[in-house]
Amino acid sequence: MKLKLLFFFPLLILLIGKSTVFAQETVGLLYNDQNNVADGYTLFSPLTNSDTYLIDNCGQVVNQWSFNGTPRAVPYLLEDGTILRSGSEGIELRDWDNTLLWSFNLVEELNLRQHHDIEPMPNGNILAIVREFISVEEQINLGKNPALVDDVLRSEKIMEFKPIGTNDIQIIWEWRFADRLIQDFDSSKANFGNVADHPERIDFNYEDYNMSHEDWIHMNGIDYNSDLDQIIMSCKSLGEIYIIDHSTTTAEAASHSGGNYNKGGDFIWRWGNPEVYRQGTSADRKLFEQHDPKWIPKNYPNEDKISVFNNDVGATQTHSSVNILTPVPTLTGYEMTNDKFSPSEFFFSWDGEIRGETFYQPTRSGVTALPNGNLIFCESSKGQLVEINPSGDIVWVYRNPSGQSSIIDQFSSEEEITTNVLFRAEKYPSNYSGFNGKDLTPGNIIEDVNSNSEACNEALSVSDSDLIEPISLLYNPIEDNTVFFNSQLHPLTLLNLYHIDGKLIMKNVQADSNKFYLPQIEKGIYFIVIKNHVDNKTQTIKFIKN
C-alpha cells in the first residue's frame, strides 16, 4: 500500500506508514529497514566520473561536489566540514560549497604516483600510499631470487605531508617497504637472515598461488590511530595486514630501533597469512586479496578492534566476507601465541547472500563500522552499498545510479548498469562535527524515480502525542536558529526535525535543556517530533521558520 501524508488543519501532521520499504528498483535505494539502519549520511565517489555525493538513508542528495578528474580512492569528510579526495588530477581539498581550497599533484610536481588510499590525520596532515620502483639489479642486490624477478618491482612507501597554502606541501615523514626486507636465499646479499626469527620483517622471496612478483606487495588501504600513534596497512598480494609505529622519525622508520616500541619501522603486528613469516602453511591463511583494514573508533561497539574486507575467502573465487579482528596490545607491541600474532580466528565474519545473490567482490571494496554496531560495506563492481546489523541481517541496500557519462535510469537491466563502479564509501553519523552549521536539508534522489525513496520519506509514525507534561514553544515563528521550549526537557528526550513534505532533516538529537539548535534551513513550515525515552511517548510540534 502506497503511503500518503495526512494533513489535519491547523496543528498536526501524522505520517502513517511502515518502517521497512522494499521494491524491485535496480538503482538507488533498494532496501531500507528504518528501525535498524544506522542514522547518518553516506559519502561516495563513482569511479567513472568526477562527482561526489552525500546522501541520507532515503537516497536523497544532501550535498554534491565536483572534483577535477576521476577518483583514485574514497573521499573523506573532515571534522571541519571540508572534503578531501584523491583523483587522477591530484589530491584536492574543497569546502562544503565546492570551493577548491587546496590541491597538489604528486606526479606533476614530484614524479610520485599516489594510488589507492589516503588518510587524513587529526593535525591536518595527510598520509598517502605512494608507489616506489625498484630495478631488477637492485632487487637482486637486496636478496631477491633472480628466478622470481619478473620486471621492475612496484614497491610501496607511506608518505606523510602537510598541505601548504593553496597548492604546495611539506613532507613530514616517510616509511618504505623496501626497508623491511629479509631473505635467506643469498648470504652474500643484503638482508640475509633467518626468516622465521624475524616476524617483524618480510620475506623477500615469498611466493604463492596468485603472485606477480613485479606487483609483489600491492598496498591498497591505510588507516591511522591517533590514540596509539600507529598506522595499519593492507598488502593485497601478500594476504596480510600490518601495523607500524608512527612515533618514529623518518630515519628511525628506515631502521629497526626508535619510536615508542624501540622497533623503528618494523611491523609490530601482522595478520592474515603466517606462512609469509614461516609460522604456518597455506591452510593457516585467513585473508585473500583483502582491502580496507581500519580501527573501529572509540565509543563504538567493538571499539579498538579492526574491520577488514576479505575479497576472496579461501582463494575459491566464490564469495567474500566482512570481518572484525581483535589484536591484543602489549607493552612491546602485540601478543604472539606459539610464534604467531594473535588472534587465531576472526572475532566476527559475515558472508551471506544479498538480495538472493552470493556476496562476492574480487577487487577493491571496503567495510566501515558504525556507531550502533552495524557495518556498511561496498560491493565495488556493482556500485552497491550494503549495511548489516550485528546479527547479520541486511538493513539497507543502495546502488549507485551515477555512471560514466550519464545517470542510470531506474529499472535499467544488469547489462545496462556497467559504469556505476565505486571504490569504497564512508558513512558519518548525524552528530558528526563536520555537519555542524551545515544545511542538511535533503534534495532530490540521483536517479529519475524510486518508489523506495518515496516510501522512506513517508514512513514516519508518530502515533502517540501524549507526554506526561505537554511541551510547547515559547516563540513561534522562529526568527533565528534556536527553538525555545516552555520547560526543560528530560535528558533522555530525543528530537527529530522534519520538513512539511515529510523529509527527515535531523534525527535523534538531544536538546540543550530547553533549547533546540536548528541547522541552516530555509524559511517554511517544519515539525519537531519529541520522544521521551522514559515512557516512550511522543509529541509533534509545528513551527514556522522565518
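Notes on the structure in this doc start here. (Residues numbered from 1 in each chain as written. Predicted model: local features only at pLDDT ≥ 70, side-chain atom pairs only at ≥ 80, totals over all residues. Heavy atoms only, no water.)

As for the side chain of Asn-323
The criterion, for reference: Put simply, DSSP marks the helices as runs of H or I at least four residues long and the strands as runs of E at least two long, and each gets a number from the N terminus on. Nitrogen and oxygen atoms within 3.5 Å of one another constitute a polar contact, given that in protein one can donate a hydrogen and the other can accept it, and given that sequence-neighbouring residues count only through two side-chain atoms. The contact definition used throughout considers only heavy atoms, calling two residues in contact when any of these lie within 4.5 Å.
Note on placement: Asn-323 falls in strand E24 (residues 321-325). A distance of 2.7 Å separates a polar atom in the side chain of Asn-323 from a polar atom in the side chain of Ser-349. Leaving out residues up to four positions away in the same chain, Asn-323 has contacts with Ile-306, Ser-307, Val-308, Asn-310, Phe-346, Phe-348 and Ser-349.

Details of the pattern of salt bridges
Rule in force here: A carboxyl oxygen of Asp or Glu within 4 Å of a side-chain nitrogen of Lys or Arg is what we treat as a salt bridge. Three labels apply to residues, based on accessible area from a 1.4 Å probe with only protein chains included: buried if under 20% of the type maximum, exposed if over 50%, partly exposed otherwise in between.
Throughout the structure, instances matching the rule amount to 24 salt bridges. In this structure, Asp-203 engages Arg-278 in a salt bridge whose closest nitrogen and oxygen atoms are separated by 3.1 Å. Taken together, the residues span a long stretch of sequence, with Asp-203 in strand E17 (residues 202-203) and Arg-278 in the loop between strand E21 (267-271) and strand E22 (291-295) at a distance of 75 residues. Judged by its relative accessible area of 39%, Arg-278 is partly exposed. Across the pair Lys-382 and Glu-357 runs a salt bridge, and its minimum N-O distance is 2.4 Å. Placement of Lys-382 in the loop between strand E33 (375-379) and strand E34 (384-388) and of Glu-357 in strand E31 (residues 357-358) is noted, with a sequence separation of 25 residues between them. Take Lys-382: its relative accessible area is 18%, and that puts it in the buried class. For Glu-357, a relative accessible area of 42% translates into the label partly exposed. The network of salt bridges with shared partners includes Asp-117, Asp-292, Lys-294, Arg-424 and Glu-426.

Overview of the sheet that holds strand E5 (residues 41-46)
Note the threshold: In this analysis, strands are considered paired if DSSP registers two or more bridges between them. Throughout, an axis means a line fitted to C-alpha atoms (over the contacting stretch in the case of helices), and angles, computed between N-to-C directions, take values from 0 to 180 degrees.
With antiparallel pairing, four strands are arranged side by side in an open sheet as E7-E6-E5-E36. On the outer flanks of this sheet lie strand E7 (61-66) and strand E36 (422-428), each paired with one strand and no other. The average angle at which neighbouring strand axes cross in this sheet is 15 degrees, direction not considered. In this structure, E5 lies alongside E36, joined through five bridges in antiparallel fashion. Bridge pairing links Thr-42 to Lys-427 in E36.

Points about unusual backbone geometry
Going from Ser-342 to Pro-343, the amide bond is cis rather than trans, its omega being 5 degrees. Its location among the elements puts Pro-343 in the loop between strand E28 (340-341) and strand E29 (348-350). The amide bond that connects Asn-476 to the next residue, Pro-477, takes the cis arrangement and shows omega of 15 degrees. Checked against the element boundaries, Pro-477 lands in the loop between helix H4 (451-458) and strand E37 (482-484). A positive phi angle, near 55 degrees, is found at His-116, a position not held by glycine. With respect to the element layout, His-116 can be found in strand E12 (residues 114-120).

Looking at the state of the cysteines
The condition that has to hold: Throughout, a disulfide means two cysteine sulfur atoms within 2.5 Å of one another.
Per the counting criterion, the structure on display carries one disulfide. Between the sulfur of Cys-58 and that of Cys-456 lies a disulfide, 1.9 Å long from S to S. Sign of the S-S torsion, about -70 degrees for the bond between Cys-58 and Cys-456, identifies this disulfide as left-handed. Of the two residues, Cys-58 sits in the loop between strand E6 (51-55) and E7 while Cys-456 sits in helix H4, which places them 398 residues apart along the sequence.

Topic: the side chain of Gln-384
Relative to the elements of secondary structure, Gln-384 occurs in strand E34. Looking at Gln-384, its side chain comes within polar contact range of the side chain of Glu-379, at 2.6 Å. When residues no more than four places from it in sequence are discounted, the contact partners of Gln-384 are Leu-30, Ile-354, Phe-377, Cys-378, Glu-379, Val-397, Tyr-398 and Arg-399.

Brief notes about the sheet that holds strand E9 (residues 83-87)
Across the sheet, which stays open at both edges, the four strands sit in the order E8-E9-E10-E11 with antiparallel pairing between neighbours. Every other strand in the sheet has two partners, leaving strand E8 (76-77) and strand E11 (100-104) as the edge strands with one partner each. Here E8 pairs with E9 via two bridges, running antiparallel. Looking across to E9, one finds that Leu-77 is bridged to Ile-83.

Notes on a negative patch on the surface
Quick note on the threshold: What goes into a patch is any residue over 30% in relative accessible area without a salt bridge, connected to like charges within 9 Å or, for nonpolar side chains (Val, Leu, Ile, Met, Phe, Trp, Tyr), within 5 Å. In this description, accessible areas are obtained by the Shrake-Rupley approach with a 1.4 Å probe, and a residue is regarded as covered only by the protein chains that are shown. For the purpose of counting charges, residues Lys and Arg are taken to be positive, whereas Asp and Glu are taken to be negative. His and the chain ends are not included. All charge positions are set by atom: Lys at NZ, Arg at CZ, Asp at CG, Glu at CD.
A cluster of acidic residues, Glu-89, Glu-108, Glu-109 and Asp-168, forms a negative patch at the surface. Mapping Asp-168 onto the fold places it in strand E15 (residues 168-176). Under the relative-accessibility criterion, Asp-168 is labelled partly exposed at 36%.

Thoughts on the pairing of strand E14 (residues 153-164)
Pairing of strand E13 (residues 126-134) with E14, which is carried by nine bridges, proceeds in the antiparallel orientation. Across the sheet, residue Ala-128 finds its bridge partner in E14, namely Met-159. Sheet analysis places E14 next to E15, joined by eight bridges and oriented antiparallel. When the bridges of E15 are listed, Ile-158 appears paired with Trp-175. The turn linking E14 back onto E15 is made up of three residues, and Gly-165 within it adopts a positive phi angle of 60 degrees.

Thoughts on the pairing of E33
Taking burial as the measure, the five residues of E33 include five buried ones, the bulk of the element. Burial along E33 is two-sided: the face carrying Leu-375, Phe-377 and Glu-379 and the face carrying Ile-376 and Cys-378 are both buried. Here strand E32 (residues 366-369) runs beside E33; their pairing, made up of four bridges, is antiparallel. Paired with Thr-368 across the bridge in E33 is Ile-376. Linking E32 back to E33 in an antiparallel pair, the connection comprises five residues, with Gly-373 at a positive phi of about 95 degrees. Bridge count for E33 against E34 is five bridges, and the pairing is antiparallel.

Description of the packing of aromatic side chains
Selection criterion: Two aromatic rings, drawn from Phe, Tyr or Trp (for Trp, its six-membered ring), form a pair once their centres lie within 6.5 Å of each other, and the interplanar angle then sorts them: stacked below 30 degrees, edge-to-face above 60, tilted otherwise. The criterion for a charge sitting over a ring is simple: Lys NZ or Arg CZ within 6 Å of the ring centre, and within 35 degrees of the ring normal.
Evaluated as defined, the whole model comprises 25 aromatic pairs. Residues Tyr-277 and Phe-341 carry aromatic rings whose centres are separated by 6.1 Å and whose planes lie at 70 degrees to one another, so their mutual orientation is edge-to-face. A residue pair is termed long-range when its members are at least 10 positions apart, and Tyr-277 in the loop between E21 and E22 and Phe-341 in strand E28 qualify at 64 residues. One aromatic cluster is present, built from ring pairs that chain together Tyr-41, Trp-65, Trp-96, Tyr-428, Tyr-432 and Phe-435. Over the ring of Phe-204 we find Lys-144; its NZ or CZ atom is 4.7 Å from the centre of that ring. Of note, Lys-305 hangs over the ring of Phe-347, and the distance from its end group to the ring centre comes to 4.7 Å.

Geometry only, nothing functional implied.
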